Amino acid sequence: LPFAPPEPPPSGYIIFIAQMTTKIRHDRPKVHHNQIVVVREISKIWKYGMSTSDREYYIEFATEARDEYKQQLREFRATGHFHSSKI
């Protein structure tokens, strides 16, 4: 919609799930993927299999996206439209 506010960005955890889901499906193309089972596997990796510094990468990415979102939302509230990100 041309006059809709910007959508909030995903969290670092959600970005990680999206990337890992794609990776798992690419790495195992002949296997049927139950989304619930895949997300459970990925959640265990996030919680137990990653170092804090690895998690920080995704959290920092989400923080930058959130800062951009806040700017876009301020712009939308002031003018009724916003400039989307260049990515």
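Residues numbered from 1 in each chain as written. Predicted model: local features only at pLDDT ≥ 70, side-chain atom pairs only at ≥ 80, totals over all residues. Heavy atoms only, no water.

K.L.:
Help me understand the side chain of Gln 72 in this model?
P.N.:
Looking at where Gln 72 falls in the secondary structure, it is placed in helix H3 (residues 52-79). According to the relative accessible area criterion, Gln 72 is buried, its value standing at 10%. Those residues in contact with Gln 72 that lie beyond four places of it in its chain are Pro 6, Phe 82, His 83, Ser 84 and Ser 85. (Helix = DSSP H or I, 4+ residues; strand = E, 2+ residues; numbered from the N terminus. Buried < 20%, exposed > 50% of the residue type's maximum accessible area, 1.4 Å probe, protein only. Contact = heavy atoms within 4.5 Å.)

K.L.:
Explanation requested: the packing of aromatic side chains in the structure shown.
P.N.:
By convention here, two paired aromatic rings are described through the distance between centres and the angle between planes. Per the stated rule, a full pass over the model turns up 6 aromatic pairs. With 5.3 Å between their ring centres and 45° between their planes, Phe 16 and Trp 46 make a pair best called tilted. Remark: Trp 46 occurs in helix H2 (residues 35-49) and Phe 16 occurs in helix H1 (residues 12-27); sequence separation between them is 30 residues. Between Phe 76 and Phe 82 the ring centres are 6.4 Å apart and the planes differ by 75°, which places this aromatic pair in the edge-to-face class. With relative accessibility at 16%, the residue Phe 76 sits in the buried group. (Phe/Tyr/Trp six-rings, centres within 6.5 Å; stacked < 30°, edge-to-face > 60°.)

K.L.:
What is the right way to look at a negative patch on the surface in this model?
P.N.:
Together, Glu 56, Glu 60, Glu 64 and Asp 67 make up a negatively charged patch on the protein surface. Mapping Asp 67 onto the fold places it in helix H3. (Patch = residues over 30% accessible without salt bridge, like charges linked within 9 Å, V, L, I, M, F, W, Y side chains within 5 Å. Areas by Shrake-Rupley, 256 points an atom, 1.4 Å probe, with all protein chains shown as cover. Salt bridge = Lys/Arg side-chain N within 4 Å of Asp/Glu carboxyl O. Lys, Arg positive; Asp, Glu negative; His and termini not counted. Charge placed at Lys NZ, Arg CZ, Asp CG, Glu CD.)

K.L.:
Help me understand the packing of H1 against H3 in this model?
P.N.:
A pair of packed helices is captured by two measures, namely the crossing angle of their axes and the spacing between those axes. At their nearest, the axes of H1 and H3 sit 8 Å apart, and the two run at 115° to each other. Regarding H1 and H3, the two cross each other, and that crossing is right-handed. Listed contacts from H3 to Gly 12, Ile 15, Phe 16 and Gln 19 of H1 are Tyr 58, Ile 59, Phe 61 and Ala 62. By residue class, the composition of the contact of H1 with H3 is 6 nonpolar, 2 polar and no charged. (Axes fitted to C-alpha atoms, helices over the stretch in contact; angles between N-to-C directions. Left-handed = near helix turned anticlockwise from the far one by under 90°. Nonpolar A, V, L, I, M, F, W, Y, C, P; charged D, E, K, R; others polar.)

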